[in-house]
Amino acid sequence: MGLGARHASRYSPVELLEGDPHLIARIKDLIADLTSDHADLLVAFHRVQAEMGYVPREAVPFLAARFKTTPAMIFGAISFYSEVHTEPPPGTVVEWCSGPACLLKGSMNIRRAIEAVIGCGMNESTPDNAVGLRLVQCDGTCHLAPLVRVEHRYVGPLTVSDAIKLARDLKEGKKA
Amino acid sequence: MATYQELRAAAEEAWRAVVQPQRPLIRVASGTCSRAAGGEGTLAALRGELAARGVEADVMEVGCPGLCFADPLLEVQKPGGPRMLYGHLTADKLPRLVEEVLAKGGNAPDLALGVVAEGTVEGIPALDSLEWMQGQERRLLANCGVIDPESIDHYVARGGYEGLAKALQMSDEEVIKEVLDSGLWGRGGAAFPTGRKWDFLRQARGPTKYMVCNADEGDPGSFVNRNLMEGDPHGIVEGMIIGGYATGASYGYIYIRDEYPLAVERMQKALEQAREKGLLGEDILASGFSYDMEVVRGAGSYVCGEETGLIASIEDIRGMPKIRPPYPAQAGVFGKPTNVNNVESYANVPLVLRHGAGWYASVGTENDKGTKMFSLSGHVQRVGVLEVPLGTPMRDLVLGNGGGVPEGRHLKAVQPGGPLSGVIPASDVIVSGDVGIRLEPQPFKDRGMFMGSGGLVVMDDSSCVIDLAIYFEWFAEDESCGRCTTCFAGTRRLLEILRRISNGEGRPEDVEIMNLLADTMRYANCVHGQAAPTVVMATLSFFRDELMEHIEEKRCRAKVCRGLVRYEVASQTDALPAATDICPTAAIVRDNGGYRVEQSLCIRCNACKELAPEAIEVVDAFPA
């Protein structure tokens, strides 16, 4: 998805040295018991993301120090994994399943329609970050295809018109 | 330290309360699939109804028995009575169920799917008589939907860890011989004999060796491993401990994809329980063998399902595949000798040890022994997970168990085992006078494809092969790690060409270029790049007419390709105001008293046609 290009600007070397001290203390605390010889980097990402909803840039130098590597390597890993997010999560996340069963049942039509209603593309959010769209991979709930998940709640099988109504409600601030 | 017999006796005690319940026992399926369909609401409603009516009953959460199409599922067993499975049981139906079945002593046959195992109930068929169950040989699925996956006692009482206890009495070479004799081969896709792989690790030198379980089931449309991890996690744990004993490994990693949080939770719980019972850790069952392991949760990357990519991901770097050799048995996790097997491969091992290689090899074909789990999805009446002997005709699963494509449609193709494995056209599935392609590796290899890890995505004639090729090539491009130019640039170029064709800008020379690209991509370093053009190549050979139609006539017969169709108002009907309201881009405009579609605004999302099927027509954008 061209993750690298999109996030590159958020990680300038100068910025890496700065940051909210409170945030930095929290990050340090979260990864305090992890070590570099024990398959712990993914644990670190999950912990930070569970706590903050994303992995902020401030975390990168501390992760690098903890895992005895360079910030570039840490950023490389962050940008590699599609479920590690580098931006604060939107207020409401609509996850669109990209899997083949959904595709066969018209998920591309749903995607186009939702994007048009919400007014942002996939893996983007509205300017106020109230609603965002995320592309997710198939998790085998294909009996509900085509589906989206709204705040982790499965909605499907969806018609395009139902998807549009759902997206309009979200756009107007109504939680579906 | 407890012996296995002591563990078993204690577990059987706990299980007896379940199999001979003194009060009604209600099993509620709670896999990801059941929960997604509203299973949690069903569970809450059940508890609420029981409390409100003062009905005494035990409620147990179990894994999914594989009948995803009938989710949410719930099973009632009254004291002394048979197990009755109910389907499509959303929360709103619970008051009636509790009233009729538990308060009044009826059976509500109209809500029931079937009677599980022994016993008969008037008006309810035996579950085994359902089309879905035909031809199934449920060995790995035996515990799914039956035991509480979060209870090690349930697993042990049903014979769990007996295989491990047996293995610990044997030498490492004897265990490997048993696995070799069973004919078990890797279920992840490569079909390499598990016993031989283990022997490589056994012979590898070094004080530290690793067992790794590849639970990064990234193939879209495959969900057999998830079903197993959520329904019977201890089978995998036991298989890995046996593997550790046979190969001399002292530590194991179970790498589970991020998309399976419930599987992560249940596998972690299984490890904790095994540790508590002395089945993991120091001196397992007083055998002198020590082994432990942990769960690693992935973070969203398909190539981490490639074994060297998975190893890199465990090693705290981005999960890019490496060049083999060295193979993992020589230098795997942290450079140490490592064995990587799929979830299903490990889950078969305890059965081999418990029942013997002869029993294991009693089903299957000459060359392929045992069973294989498959997940059915797409254009099929019944979506779910099933387990059949290897060599079962694909036709039986698609048309029989799955119930075939929706009424009025025709089977077009089946996409087996993930986006890299290829496409099987309907003409190979339904063959007059023959059973058609069988589910075993060889027929797929003969076609230049893989059987893969168990996903079967069924497509009918409403789908467009170019659209599918775009999806699979997009997936390959998106998940390419970026190391080899042949892969990252090859997938990108293929995708560009396919998208161009779907936009009506195909050129005659495109076929030649795609052939050339596909040939070049075979030189990528890992299987991801090598196999990425498989679907495109299959499309070129099996569906050449449809491809050429797109290029030469700029026509999509399935009316799927967005660049080749237009939406038009064909007749002015009463449904058009609703269609106008639903249009997300206000493309339906009214002038001179009539409605028309403003083509510059239309995004071809089909919403209007859903609401006004008579009024809206999809026409070729480039009429002949």
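Values in this document were obtained by computation on a predicted structure and should not be read as measured data. For every chain, the first residue of the written sequence is number 1, and numbering continues from 1 onward in sequence order. Ligands are numbered from 1 and chains lettered from A, in the order in which they are written. Confidence filtering applies because this is a predicted model: local features only for residues at pLDDT of at least 70, side-chain atom pairs given and counted only at 80 or more, and all residues used for totals across whole chains, interfaces and linings. Side-chain metrics in this entry use all non-hydrogen atoms of the structure; hydrogen atoms and water are not considered.

## Regarding the overall build of chain A
Filter applied, for reference: Strands are runs of DSSP state E lasting at least 2 residues, helices are runs of H or I lasting at least 4, and numbering of each runs from the N terminus. Only protein chains enter the calculation, and the probe is 1.4 Å; a residue is then buried if its accessible area is under 20% of its type maximum, exposed if over 50%, and partly exposed in between. Contacts are assigned to residue pairs with any non-hydrogen atoms lying within 4.5 Å of each other. Under the convention used here, a 1.4 Å probe and the Shrake-Rupley method define accessible areas, while residue burial counts only the protein chains that appear.
Of the regular secondary structure elements, chain A holds nine helices and four strands. In sequence order, the secondary structure elements of chain A are arranged as α-α-α-α-α-α-β-α-α-β-β-β-α. Out of the 176 residues belonging to chain A, those deemed buried represent 56%. Contacts in chain A between residues at least 24 apart in sequence constitute 65% of all its contacts with a sequence separation of at least 6. Carbon and sulfur atoms make up 55% of the accessible area of chain A, which amounts to about 7300 Å² in all.

## Details of the overall build of chain B
We apply this condition: Here the globule rule reads 2.2 Å times residues to the power 0.38, and the radius of gyration is calculated from C-alpha atoms.
Of regular secondary structure, chain B possesses 25 helices and 18 strands. The globule rule puts the C-alpha radius of gyration for 624 residues at 25 Å, and the 27 Å found for chain B is close to it. Put simply, chain B has 624 residues, and 61% of those count as buried. Intrachain contacts of chain B at a sequence separation of at least 6 include 71% that bridge at least 24 residues. Carbon and sulfur atoms form 48% of the exposed surface of chain B, whose accessible area is close to 22900 Å².

## Some details on the packing of helix α9 (residues 224-231) of chain B against helix α13 (residues 343-355) of chain B
Residues and elements named next belong to chain B. The cut-off we apply is this: Axes, fitted as lines to C-alpha atoms, cover a helix only where it is in contact. Angles between the N-to-C directions of the axes lie from 0 to 180 degrees. Angle categories: roughly parallel below 35 degrees, roughly antiparallel above 145, roughly perpendicular from 65 to 115, and oblique for all the rest.
Between α9 and α13, the least distance of the axes is 9 Å, while the angle of their chain directions is 45°. Between α9 and α13, the crossing angle belongs to the class labelled oblique. Seen from α9, the contacting residues are Val224, Asn225, Leu228 and Met229; seen from α13, they are Val343, Glu344 and Ala347.

## So, the domain arrangement of chain B
All names here are of chain B. To keep it simple, the criterion reads: Where each domain begins and ends is defined by an automated method or by a domain database. Note: buried area is the sum, over both parts, of the accessible area (probe 1.4 Å) each one loses when the two are combined. Salt bridges are defined as contacts in which a side-chain nitrogen from Lys or Arg sits within 4 Å of a carboxyl oxygen from Asp or Glu. We call two N or O atoms a polar contact when they sit within 3.5 Å, provided that within protein one can donate a hydrogen and the other can accept it, with sequence-adjacent residues counted only if both atoms are side-chain atoms. Three residue categories are used. Nonpolar comprises Ala, Val, Leu, Ile, Met, Phe, Trp, Tyr, Cys and Pro, charged comprises Asp, Glu, Lys and Arg, and polar comprises the others, including Gly.
Partitioning chain B into structural domains gives domain 1 (14-130), domain 2 (160-360), domain 3 (371-460), domain 4 (465-553) and domain 5 (562-620). Each of domain 1 and domain 2 has a C-alpha centre, and the two are 34 Å apart. Of the residues lining the interface, nine residues belong to domain 1; the matching set on domain 2 comes to seven residues. Across the domain 1/domain 2 interface, buried area totals approximately 570 Å², and carbon plus sulfur atoms make up 43% of it. For the pair domain 1 and domain 2, the interface holds zero salt bridges. Linking domain 1 to domain 2 there are two residue pairs in polar contact (both at pLDDT 80 or more). Residues that form the side of domain 1 that touches domain 2 fall into these classes: three nonpolar, five polar and one charged.

## Digging into the interface of chain B and chain A
Taken together, the contacts link 65 residues of chain B with 47 residues of chain A. For the chain B and chain A pair, buried surface summed over both sides reaches about 4400 Å², with 61% attributable to carbon and sulfur atoms. Ranking the residues of chain B by area buried against chain A places Ala299(B), Asp316(B) and Arg318(B) at the top, with a combined share of 14%. The leading source of residues in the side of chain B that touches chain A is helix α18 (residues 465-479) of chain B, at eight residues. Residue composition of the side of chain B that touches chain A, grouped by class: 36 nonpolar, 13 polar and 16 charged.

## A word on the sheet that holds strand β3 (residues 148-150) of chain A
Within a sheet, neighbouring strands are paired by backbone hydrogen bonds and run either parallel or antiparallel to one another. Residue and element names in this part refer to chain A. Going by this rule: One requirement defines pairing of two strands: DSSP has to find at least two bridges between them.
What the four strands build is an open sheet, ordered β2-β1-β3-β4; its pairing is mixed. Looking at which strands have only one partner, the edges of the open sheet turn out to be β2 (131-136) and β4 (153-155). The mean inter-strand angle of the sheet, taken between neighbouring strand axes irrespective of direction, is 25°.

## Structural notes on the pattern of salt bridges
Residues and elements named next belong to chain B. Scanning the entire structure with this criterion turns up 50 salt bridges over all chains. Two residues, Glu13 and Arg16, come together in a salt bridge whose shortest N-O distance is 3.8 Å. Here Arg16 and Glu13 lie together in helix α1 (residues 4-19), a separation of three residues that amounts to about one turn. According to the relative accessible area criterion, Glu13 is exposed, its value standing at 54%. Judged by relative accessible area, Arg16 falls into the partly exposed class, the value being 41%. A salt bridge links Glu598 to Arg596, with the shortest nitrogen-to-oxygen separation between them at 3.1 Å. Since its relative accessible area comes to 35%, Arg596 is described here as partly exposed. Three or more residues joined by partner-sharing salt bridges are found here, namely Glu49, Arg53, Glu99 and Lys104.

## So, the environment of Met537(B)
Residues and elements named next belong to chain B. If you trace the backbone, Met537 turns up in helix α22 (residues 534-542). Distance in space between the C-alpha atoms of Met537 and Ala518 is 7.3 Å, their sequence separation being 19 residues. What Met537 contacts, discounting residues up to four positions off in sequence, is Met514, Asn515, Ala518 and Arg522.

## A word on the layout of surface pockets
Rolled over the atoms, a probe with the dimensions of a water molecule shows which regions are left empty. Keep this limit in mind: Cavities and pockets are found on a 1 Å grid laid over the protein atoms alone: a cavity is a set of points where a 1.4 Å probe fits but cannot escape, a pocket is an open set with protein on both sides within 12 Å along at least five of seven lines, and a lining residue has an atom within 4 Å of such a point. Grid points are joined across faces, edges and corners, and a volume is the space filled by probe spheres set on the points.
Its boundaries defined by the atoms lining it, the largest pocket holds a volume of some 1400 Å³. Looking at the lining of the largest pocket, the elements with two or more residues in it are α7 (100-104) and α8 (107-118) of chain A together with α18, α19 (485-502), β15 (565-569) and α25 (607-611) of chain B. Element by element, the count of residues in the lining of the largest pocket is highest for α8(A), at six residues. The class makeup of the residues in the lining of the largest pocket is 24 nonpolar, twelve polar and 14 charged. As a volume, the second largest pocket reaches approximately 1200 Å³. As for the second largest pocket, its lining consists of 49 residues, of which Gly188(B), Gly189(B), Ala190(B), Gly305(B) and Val527(B) are closest to the centre.

## A few points about α1(B)
All names here are of chain B. We apply this condition: To estimate how far a helix should extend, the number of its residues minus one is multiplied by 1.5 Å.
With 16 residues, α1 extends 21 Å between its outermost C-alpha atoms, agreeing within 8% with the 22 Å of an ideal straight helix rising 1.5 Å per residue. Taken residue by residue, α1 has Tyr4, Leu7, Arg8, Ala11, Trp15 and Val18 as its buried positions. Next to the buried residues of α1 lie β1 (25-29), β2 (58-62), β3 (74-77), α5 (152-157) and α6 (162-168).

## Remarks on the state of the cysteines
All names here are of chain A. How we decide: In this description, a disulfide is simply a cysteine sulfur pair whose atoms lie within 2.5 Å.
Tallied over the full model, the rule gives zero disulfides over all chains. The thiol sulfur of Cys97 is not disulfide-bonded, and the nearest other cysteine sulfur, from Cys102, lies at 3.8 Å. Residue Cys97 is classed as buried on the basis of its relative accessible area of 5%. The thiol of Cys138 is unpaired, and the distance to the nearest cysteine sulfur, on Cys142, comes to 3.8 Å.

## Remarks on the packing of helix α5 (residues 59-66) of chain A against helix α6 (residues 71-80) of chain A
All names here are of chain A. To be explicit about the condition: The sense of a crossing depends on the near helix, which, turned anticlockwise from the far helix by less than a right angle, makes the crossing left-handed and, turned clockwise, makes it right-handed.
Relative orientation of the contacting elements α5 and α6 amounts to 110°, with a least axis distance of 8 Å. Between α5 and α6, the angle is such that the two are roughly perpendicular. Handedness of the α5/α6 crossing: right-handed. Contact residues: α5 offers Val60, Leu63 and Ala64, while α6 offers Pro71, Ile74 and Ile78. Taken together, the residues that form the contact of α5 with α6 break down as six nonpolar, no polar and no charged.

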